[in-house]
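Coordinate analysis (summary)
Residues per chain, in single letters:
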Amino acid sequence: MAIKFRADMRGSLVALVTPMDAAGAVDYPAVDRLIDWHADSGTAALVVAGTTGESATLTHDEHAELIRYVAGQARGRIPVVAGTGSNSTAQTIALSQAVAGSEIVAFLVVTPYYNKPTQEGMFRHFTAIADAVEQPLILYNVPVRTAVDLLPETVGRLAEHPRIGALKEATGEVERVGRLRALCGEEFSLYSGDDATARDFMLAGGDGVISVTANVAPRAMADMCGAALAGDSARAAERDAPLAALHDALFVESNPIPVKWALNRMNRIAAGIRLPLTELSGPHHAQVQGALTEAGALS
């Protein structure tokens, strides 16, 4: 039987950006402000140091320090999920164990990228990690970034592990929800990883979304998710409509380029981002700003 996550781990979980200064150093005062904002805005959990958090450019020490810091600052106010995945099983275990003493509720572990393991390879990868830690794992399937697709049948096998309790499914294929629910059971948490289809994902039986859009519109995303989880499709559609342009605009260039530009435009963070990522290209500024305005995210 897979671990059942906390009741408040439903709805809008934010895939948190990592604020950085102009030199690329982590901006911890800005991190504090983001934690406070999300805690006050109905966000269900902070997912720290994932893809949106530029995990690929953080050193091991920076990665662990960021997770420990956020867990400490968020304590008692909002749950924290630690992104610790990589394409190395051993390195993923080492990082997960390095932060295991922090007040985190789960690890988000992405499918191994670039080396393109088989389904059996991914099954063994996640099993080895789950065997090595005490907190539950959220599997993360995002084929567009990793070049591998964790199939529902493999997720079903993994769901039998007592410390594998959830999946972030970022294919945008809402039809997978029913198959995953049948294979994994009601106790297994299913999160969308695609903002544009998250509403339909929840209406189809999912438990929430690990969201990029929630970085800039946390209250609106929380409200939309609440309606969808209540089965109120009309209200969910009404709440989602002003966010639709954001769901698209925040991916006009590789994530997190647009969302960090948006948060800078909102005076929430500085403009810092690490190479090989660069600041949002000028031709896209109007689209992202227009989407922010439509969503009511600019004062």
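Above: the structure in question.
Residues numbered from 1 in each chain as written. Predicted model: local features only at pLDDT ≥ 70, side-chain atom pairs only at ≥ 80, totals over all residues. Heavy atoms only, no water.

**A look at the overall build of the protein**
Of the regular secondary structure elements, the protein holds 13 helices and eight strands. Here the C-alpha atoms of the protein give a radius of gyration of 18 Å, agreeing with the 19 Å that 2.2 N^0.38 yields for 299 residues. For the protein, the spread of C-alpha atoms along the three principal axes comes to 45 × 45 × 35 Å. Here the protein holds 299 residues, and the buried ones make up 55% of them. Accessible surface computed for the protein: about 11800 Å², of which carbon and sulfur atoms make up 50%. Seen as two clouds, the 24 positive and the 34 negative side-chain charges of the protein have centres 2 Å apart. (Helix = DSSP H or I, 4+ residues; strand = E, 2+ residues; numbered from the N terminus. Rg over C-alpha atoms; globule rule 2.2 N^0.38 Å. Buried < 20%, exposed > 50% of the residue type's maximum accessible area, 1.4 Å probe, protein only. Areas by Shrake-Rupley, 256 points an atom, 1.4 Å probe, with all protein chains shown as cover. Lys, Arg positive; Asp, Glu negative; His and termini not counted. Charge placed at Lys NZ, Arg CZ, Asp CG, Glu CD.)

**Things to note about the layout of surface pockets**
Quantified by volume, the largest pocket comes out at close to 680 Å³. What lines the largest pocket is a set of 32 residues, and nearest its centre among them are T51, S55, A56, T57 and Y113. Mapped onto the lining of the largest pocket, the elements with two or more residues apiece are α2 (60–74), α3 (89–98), β4 (106–110) and α5 (143–146). Tallying contributions element by element places α3 first for the lining of the largest pocket, with three residues. Taken together, 18 residues make up the lining of the second largest pocket; nearest its centre are V142, V144, G193, F251 and N255. For the lining of the second largest pocket, the residue count by class is eight nonpolar, six polar and four charged. (1 Å grid on protein atoms, 1.4 Å probe; cavity = no way out; pocket = protein on both sides within 12 Å on 5 of 7 lines; lining within 4 Å. Points joined across faces, edges and corners; volume = space filled by probe spheres on them. Nonpolar A, V, L, I, M, F, W, Y, C, P; charged D, E, K, R; others polar.)

**Side note on empty space enclosed by the protein**
Tallying each qualifying case throughout the model produces two cavities of 30 Å³ or more. When its volume is computed, the largest cavity comes out at roughly 70 Å³. I257, K260, W261, N264, A271, I273, T278, E279 and L280 are the residues that line the largest cavity. When its residues are assigned to classes, the lining of the largest cavity shows five nonpolar, two polar and two charged. As a volume, the second largest cavity reaches approximately 40 Å³. Lining the second largest cavity are A15, L16, V47, G50, T51, T52, G53, L108, Y140 and K168. Looking at the lining of the second largest cavity, its residues break down into five nonpolar, four polar and one charged.

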